[in-house]
Each structure stands twice: as C-alpha cells, then as structure tokens.
Number of protein chains: 4
Amino acid sequence: MSKYQHIKQSAYEANMQLPKLGLVLFTFGNVSAADRELGVFAIKPSGVPYEDLTPESMVIVDFDGNTVEGDLRPSSDTQTHAVLYKHWPNIGGIVHTHSTYGTAWAQAQRDIPIFGTTHADHLTVDIPCAPPMDDEMIKGDYEYETGFQIMNCFAERGISYEEVEMILVGNHAPFTWGKTPHKAVYNSAVLETVAQMALLTEQINPQAPKLKDALIKKHYERKHGPNSYYGQ
Amino acid sequence: MSKYQHIKQSAYEANMQLPKLGLVLFTFGNVSAADRELGVFAIKPSGVPYEDLTPESMVIVDFDGNTVEGDLRPSSDTQTHAVLYKHWPNIGGIVHTHSTYGTAWAQAQRDIPIFGTTHADHLTVDIPCAPPMDDEMIKGDYEYETGFQIMNCFAERGISYEEVEMILVGNHAPFTWGKTPHKAVYNSAVLETVAQMALLTEQINPQAPKLKDALIKKHYERKHGPNSYYGQ
Amino acid sequence: MSKYQHIKQSAYEANMQLPKLGLVLFTFGNVSAADRELGVFAIKPSGVPYEDLTPESMVIVDFDGNTVEGDLRPSSDTQTHAVLYKHWPNIGGIVHTHSTYGTAWAQAQRDIPIFGTTHADHLTVDIPCAPPMDDEMIKGDYEYETGFQIMNCFAERGISYEEVEMILVGNHAPFTWGKTPHKAVYNSAVLETVAQMALLTEQINPQAPKLKDALIKKHYERKHGPNSYYGQ
Amino acid sequence: MSKYQHIKQSAYEANMQLPKLGLVLFTFGNVSAADRELGVFAIKPSGVPYEDLTPESMVIVDFDGNTVEGDLRPSSDTQTHAVLYKHWPNIGGIVHTHSTYGTAWAQAQRDIPIFGTTHADHLTVDIPCAPPMDDEMIKGDYEYETGFQIMNCFAERGISYEEVEMILVGNHAPFTWGKTPHKAVYNSAVLETVAQMALLTEQINPQAPKLKDALIKKHYERKHGPNSYYGQ
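No experiment lies behind these values; they were computed from the predicted model shown. (Residues numbered from 1 in each chain as written. Chains lettered and ligands numbered in written order. Predicted model: local features only at pLDDT ≥ 70, side-chain atom pairs only at ≥ 80, totals over all residues. Heavy atoms only, no water.)

(A) Seen up close, the nonpolar core. Core analysis: the biggest nonpolar cluster contains 69 residues, and W88 and W177 of chain B have the highest contact counts within it. Top element by residues in this core is helix α7 (residues 181-204) of chain B. It accounts for ten residues. Listed in part, the 48 residues of the second largest apolar core include L200 of chain B together with V83, Y101 and V169 of chain C. (Core = buried A, V, L, I, M, F, W, Y, C linked by side-chain atoms within 4.5 Å. Buried < 20%, exposed > 50% of the residue type's maximum accessible area, 1.4 Å probe, protein only. Helix = DSSP H or I, 4+ residues; strand = E, 2+ residues; numbered from the N terminus.)

Written out as structure tokens, the structure reads:
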C-alpha cells in the first residue's frame, strides 16, 4: 500500500463533496490534501469525471510541483496548489471550483462586500478579488503564476491567509483553503452562499450599507476568538 | 428515560426538516421546542451537522438560558430563544435560519412588502426587519440582546407576536416561531418563499403596488378569522 | 366502489405531479378533474399535505360548487373551479398553484410578454394578467367571483379559453386548464418556465422586442394548426 | 437487429442526459447521433417524454432529412439536424434544448460576452446569437431554413464550426454540436452554465470588461492547442 494512502483517501473524499454540494459541473474543480511531514499533496487527476474517481487515482505531487506517484496527469491547476503549499506553511487543503455565484463575482472583478453575519461568522473583511494577471505572467508559467497572483493580493492588502481562507481570482474563479481539505471544501460552500446573498442584497437595496464594525467583531470572535463559544 | 424525551424528539424532528426544506447550509440554523409546564425547551447542540443529530443530542435549557440537561453545548443562539420563550407565553417553537432570500432582505435592511395573497394568507403586514443592534447592546450579552431587539421591534410597531410569527434581524437573518416547532419551521419556509417572490416582483415591476386592504383582509380571514374555511 | 373513482384517481395523480414538478410548497396548490357526463369534478381536499393524499381523499363537487361525495372539506378554491367548469364546456381539468415566477408576475400585475418560441409553441399572445378584483367582489363570495374575474378578462380581451389555457390573477397567482387534468398540469409547468425566461430576458435586454408575427404563427401552427407536425 | 443499433443506442443515451443535467422540461429538446459512413443519423422521436424513450424508438434519418427506419415521426427539428450534418462534415452529434438561461439570451437577441475562463476553456469568442429569420424563410421550410440561419451566421462572422460548437438562434433557443453526441450534450451544459454566469456578471458589474486576449488565448490553448495539458 502506498505510504500516501491517507492523503489519497482524504483528497478523494473531499473531491467527492464538490458535486454533492453543487459546486462543480463536470470536472470544473479540484481538491488537494497535503501531508506536511512528507512534503507532498494528493490531488485530483486532470479531466476525470467525479463518478470515475477513486482514492487510487489521486496523484501525489511535491511542493515544487513534481509528480511523485500516480499514473495519471495531475489537475491542470496543480502548480497553483504547489505554490500555495510551499509559501503558506499552515494549510493542509486547497480547493478550486467554478461555482456559479463566486465565479460571477470574479468575472465582475469585484470584492464581495461584507453585508451580514453569515459572512462575518467566517471572515472580517470583504472577500478579496485579485486583479487579472498581467500579460507577461500569463505567457509564462500560468498556473504557477496564479499562485503568486493570489499571494501578492494578500500581501498588498496586508491580510493573513490564516484569517481569510478564500479569494476570487479576477476573470477566473474562486480558490479556498484551510487546515484540512474538509475545511477548504467547507469554505468553498460558504463563499458560494455568501456570494449569492451579496448579489441579492444589492438587488434588494443598491445602497445597502456594509456590516458595522461592532457586529463584524462580535460574530467573528464568537466563532474564532479566544473566548469563542460556537461549536463544541 | 429523560422526562424531556417528548420535546427532544420534537426538536429533533423539526431540526431535521430544515435541510430537507433547503433552508440551511451546514449548521447555519436551529430549532427549539418548548414545554411550558416544565418551563424548559429542547434545542439543537451547537455546531453539530444535521446528519449527526439524534433526539438524545438535544440540549434542555430553561427560560433563563441555563442548561438543565445534556452533554453538549447548546446552540450559540440559545439566549435569543430563551428570551422569546420567557416573554411571549404562547409560543411553543422557535426557528433561526440563514435561508438565502430571507437573509438577503435582512442584509438589505428592508421590510418585505406585502405584494400578494401568498403573503396575506399568513400575515397582514410587511414582514418586519428589525434595525441592527446598537453598539452597546452588541458588546453586552449579544444573543440575549437579540431577543430584546426582536421584541422591541414588535412593541414599537404595535404588532402582535401571535399574529406575525416571523421577523428579519437587520444584517443578520430570519427568526420565526409558532404554537409548535412544526409551525415555526413551516413559517420559515413561508418566509423564504415570500422573500424570493417579493424580490422577483420588484424586478418585474419596480413600481409594483402593495396588496390592497380588501384582499389582505379577505385572505387572512379565510385562513385565520372566526369564519375561516381554509384547511380541515 | 364510488362511481367517481376514475376522476378521483385522475385528480389524485395530477395533484401528485405538482410537488414533483416543483410547482408547490406545502399545500399551496390544487388540481381538479371533471366528468362532463356526470356533471361533477374531483378536487384536492383543503389543507392536506401532498404526502398524505390518496385517491379516496379527493372530494366530489358539482358545477354549482356543492359537495356531492367525500368526508373532507374541498379546496378553498373550489368555487373558482366550479365557475370555470360551468361556463367553459370544453375543459376537463383545472390547476391552481403559487409557483414562484408565475406568482411574481401576478404580483407585479403584468402580462408575460411573448419573447420566444417556447412561449409561441403554446399560445400566440402574452399570458394575460387579470386586474385585481374590485372591493365589492372581494367582500362577496370571493372564490366564486375569482372565476368571473378570470372569465371577464378573457371576454374583454376577446381571447378564447380553448386557445389560451392559462392566466395570472393579479396580486394572486396562476390558474391553468386543459382538456384533461394532465394537460392542465403540463400548462402550469409551461407557464412557470416561460415566466422565468421572460424575466431573465428583460434582465439581459430591457429593450428586448417581442417575437415577430411570422414566428408566432409558424410555431403555433406546427403544434396546433391543421397541418401540425409536432408530436406523434 | 438493426444495422443502426449503435447510433440508436448512442442517441438514446445522449438524450437521457438532458433531463439528468436539468436542460429540458418535458420534451423540449432532442439529440441526434450520426454515422458518417452510413450517411444517416439517429434522432429522438417527436413529442415522446424522456421516461418513455428506448433505443429502439429512435428514428433513422438521412442527411437530406428522409426517414430511413423507425415507426415514429422524428423530432420536429429533424431538418435542422440534417442540414448541419450535410454541410458540416466533421460533426457526429447535435443537441437542441430550451435550457433556461441559454434561451433567455436567445430571446434577448444578444451574443453571450466572454467574461471569464470558464467560457475561454471552451471557445475564444462570444457565443453567437443568430438574428431571427426573415419572414420569407419562416413561411418556407422553417426547420430546414433554421439550419441555414445557423450556417449563415457562422459564415458572416468568419467563425469555424469546429472551433465554436454552439449558437443561440435569436428568439428561439440554443443548438450545440460536437464530434460525438456526448460532446454535443457536454457543450449544451457548458453553454447553460456560461449563460447564467454572464447574466450574473452583468448584474454584479454592468461595466464588467470582457476577458483580455492573453487570457483567452492561454485558457483555450491549454485545453485545445498543440501543447494542451488539460485532461488525460
């Protein structure tokens, strides 16, 4: 048995959550699961329909993007995953989808405004939308550069990948991450729901104000602060 | 067997209706079931996925918000439920969700206008949206104050909790209630449908007039009046 | 066995199609099935959830709205059905729903414009929206008057109930009919789809022109004309 | 056994994908599967509900639109399929649906703008919307002319049916095609998703710019170019 069996299994299970949560059409998405000690991650093979996936079909890749184990070609977004794992030491799972509402905000090139507590239960700022890549980066190693596009956006805005576990890549679609692949998938579903609610909010009231600071702080802290009292 | 078994079972069944009706993502909702004679209610434990719920996992809490029985921490919204049960003697069930359209109206900080008979079959006024809480209340016992935020809104507008069994909490999401937990869940689904129809109505006709008084009265009375002839 | 068993069975089956087609929430809809020779129709009992329906629970009512057989109270909309059966001799089934998009157009008090061939495959004019009832009619026998509200709208516009098998009742919701209950249910689903497409069409292009006459004529005739070649 | 069994089976399976993918209501769609050597295609019979379809019920038609084998009347859109097979030698499957968002864009008579990479992964230009047919063509052999309406649109714009495998027919609905019936169905689902995302994008940002050339080129080439690295 592969010594990577545990992350293959974990990546498989997390990938299978995507169609169940309505976040992907056909093969438009992928999840990876990292093992930090072994310095590798398991990721969905490219172009394989979800109904044909098995734990064994997951591909093992190192943090420089080299395939370590597996018969199939890894997801075309593999280099983006590798870059993020390499530079952000505290994440254990990454998800990329083209979920409908999240992708629409990415195509509109707008941050998703923080309008309510559903959003504030998960992050205290607008969901950032990274600007489209410049032409030189696109011509280069595109998926590799996408990783830097994401990291640069966080650096420029001074936000932490441990506090904000999601981003929209302008003109493209969402990426999310977390301590585990399961948490990263959870974040993808949260992003999609918050994206839909934000669009509807603006349709109901084009002058809808953002959530005020006191509420942002309260909701985030009850779930994430030192005195959190949400969950078990 | 617990002497609270009947409300645990009732709260469990009502909670399980929420995902079935499409009103919750993950754990974003909770239902409670009260026993007025025993002076307690059963409520969903905090952060537990619906697929893992059992009647036994429900937590028993008194109307001052103290846990009476149960191994798990009760829903983080428990104090809101307690306040409402304490002050509104004729309700037997309460529901809180972040359902998509109801939450969007709450984020937009607008009452849901009464545009048609689907709405009037259930209440004769706009669905009220309570204003966001002031900063002092937020810093205090937040969920406890949410209960007063709801009651104050009804008091200021002079509407009765027995005639209007639903509210939007501004920037947050809907709460509904009823004589039974089942009726409270029913009201949550009605609110979500009415919220979606009202948004679509304004999109189709931004000048759509509200329902006229004669129709409001007629539809409400055929379902709720002394000569009601709706249902068995 | 009841001599009305065949229409009870037919009404039961047609009613059960409504939740399957996503046209009703809870009990917000009803279907009836007429037997012209016996001068009666079978209709859903009032307020009974679809999952509890049986063929036996259907109520038999004559064309003056009197209950002929059945232990339960018939749908609160029964008088509307009776009026339409009495005055429109060539219909065998009637459906009333509060389907989301159809109801939104009714609340917006607008006809649904004929924008495309999906619409023209079924009728050659805008789907009419009857104006809200005047206050005197509302105070009277409301559901009975709803039948006349529908018929008056058709008379004033000079359209035939045999060519146009659907209407929106302003501020209320859709009614549809047909030679059979099955056809009436089919029409309810068509109305809902056409209603959604028309709203989306105006959102994509607020100046979208209506379908031109040559296309209206062609599509309708290929399905309904003397040389129709649609279907078997 | 029919010598056309293989395309009957293929057409049957592809047709059954349409309701599963949410692309059709009732019988509002059809798929055909061609055998280029035999010079025929198998197509859905007209007006038969999907749940009643069998491989045996598929109708065999030649590229001039003559029925070669089958007891049922072929889809009313058969002549359109025949024209496209006759003039476009490298397609093996065609799909027609009235899917909700695609049809709304067709009714709005607008091309679907290329706003993001979901679109660019499949084609490098806006999804074309052919103008409504002129009245003379409508009065003639309508479905036959629809084939020319499609081909004329591609000829006038100088785009290739091998690179762009989808079109909207103005006031009507989408057609898609591909090397296989399976690929044509895949394209119908892609069109519907891209159509929904494009509408949402314009709602979120009415000034949303189109995808820039460098990204269009990159995404298309990674899937379709000589050095493609998407899929297995």
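(B) Spotlight on the relation of the copies chain C and chain D. It takes a turn of 90° to lay chain C on chain D, together with a shift of 0.0 Å along the axis; the resulting RMSD is 0.0 Å. Taken together, these values place the two copies in the relation of a four-fold axis. By C-alpha distance to the rotation axis, the residue of chain C lying nearest is Q203 of chain C, at 5.9 Å. Each copy contacts the other with its own distinct surface, as only 3% of the interface residues of chain C are interface residues in chain D too. (Least-squares fit on C-alpha atoms with pLDDT ≥ 70 in both. Contact = heavy atoms within 4.5 Å.)

(C) Seen up close, the interface of chain D and chain A. Of the residues lining the interface, 33 residues belong to chain D; the matching set on chain A comes to 36 residues. Interface of chain D and chain A: buried area, both sides summed, is about 3000 Å²; carbon and sulfur atoms make up 58% of it. The largest per-residue losses of area from chain D upon contact with chain A belong to M197, I204 and Q232 of chain D, which jointly make up 23% of the total buried on that side. There are three salt bridges connecting chain D and chain A. One salt bridge connects R222 of chain D with E143 of chain A, and the closest N-O pair in it is separated by 2.6 Å. (Buried area = accessible area lost by both parts, 1.4 Å probe. Salt bridge = Lys/Arg side-chain N within 4 Å of Asp/Glu carboxyl O.)

(D) The arrangement of the state of the cysteines in detail. According to the stated counting rule, one finds zero disulfides over all chains in the structure shown. Of the cysteine sulfurs around C153 of chain A, a residue in no disulfide, the closest is that of C129 of chain A, at 7.8 Å. (Disulfide = S-S within 2.5 Å.)

(E) Looking closely at helix α3 (residues 100-108) of chain C. Most of α3 of chain C sits inside the fold, with eight of its nine residues counted as buried. Taken together, the buried positions of α3 of chain C are occupied by Y101, G102, T103, A104, W105, A106, Q107 and A108 of chain C. Taken together, the buried residues of α3 of chain C touch α4 (117-120) and α7 of chain B together with β6 (129-130), β7 (166-169), β8 (174-178) and α7 (181-204) of chain C. With its phi angle positive at about 55°, Q109 of chain C sits one or two positions after the end of α3 of chain C.

(F) Just the UniProt feature "domain: Class II aldolase/adducin N-terminal" (unreviewed entry) in chain A, in detail. Mapped onto the present numbering, the UniProt feature "domain: Class II aldolase/adducin N-terminal" (unreviewed entry) falls at residues 9-199 of chain A. When the span residues 9-199 of chain A is considered, its composition is 39% helix and 18% strand, and the gap between its end C-alpha atoms is 36 Å. (UniProt positions renumbered as here; feature names shortened; annotations may be inferred.)

(G) Seen up close, the sheet that holds strand β7 (residues 166-169) of chain A. All names here are of chain A. Across the sheet, eight strands lie side by side as β4-β3-β2-β1-β5-β8-β7-β6; this open sheet has mixed pairing. Every interior strand has two partners, whereas the edge strands, β4 (67-69) and β6 (129-130), have only one. Here helix α3 (residues 100-108) sits on the sheet in contact with β6, β7 and β8 (174-178), set at roughly 55° to β7. (Pairing = 2+ DSSP bridges. Axes fitted to C-alpha atoms, helices over the stretch in contact; angles between N-to-C directions.)

(H) Structural detail: the sheet that holds strand β1 (residues 29-35) of chain C. Residues and elements named next belong to chain C. Judged by pairing direction, the sheet is mixed, and its eight strands sit side by side in the order β4-β3-β2-β1-β5-β8-β7-β6 without closing on themselves. One side of each edge strand has no neighbouring strand; the edge strands of this open sheet are β4 (67-69) and β6. Direction of pairing for strand β3 (residues 59-62) relative to β4: antiparallel, over a ladder of two bridges. What sits directly across from V61, in β4, is T67. The strands that helix α1 (residues 5-20) touches are β1, β2 (40-43), β3, β4 and β5 (93-97); relative to β1, the one it contacts most, it runs at about 155°. Running at roughly 115° to β7, helix α6 (residues 142-157) makes contact with β6, β7 and β8 of the sheet.

(I) Just the interface of chain C and chain D, in detail. Residue-level contacts link 33 residues of chain C with 36 residues of chain D. The three residues of chain C that bury the most area against chain D are M197, I204 and Q232 of chain C, which together make up 23% of that side's buried surface. If you look at where chain C meets chain D, you find three salt bridges. Our count for the contact surface shared by chain C and chain D stands at 13 residue pairs in polar contact (both at pLDDT 80 or more). Sorting the residues of the side of chain C that touches chain D by element identifies α4 (117-120), α7 and α8 (213-224) of chain C as the ones contributing at least two each. Per-element accounting of the side of chain C that touches chain D gives the leading share, eleven residues, to α7 of chain C. Classifying every residue of the side of chain C that touches chain D gives 16 nonpolar, 13 polar and four charged. (Polar contact = N/O pair within 3.5 Å; in protein donor to acceptor, adjacent residues only side chain to side chain. Nonpolar A, V, L, I, M, F, W, Y, C, P; charged D, E, K, R; others polar.)

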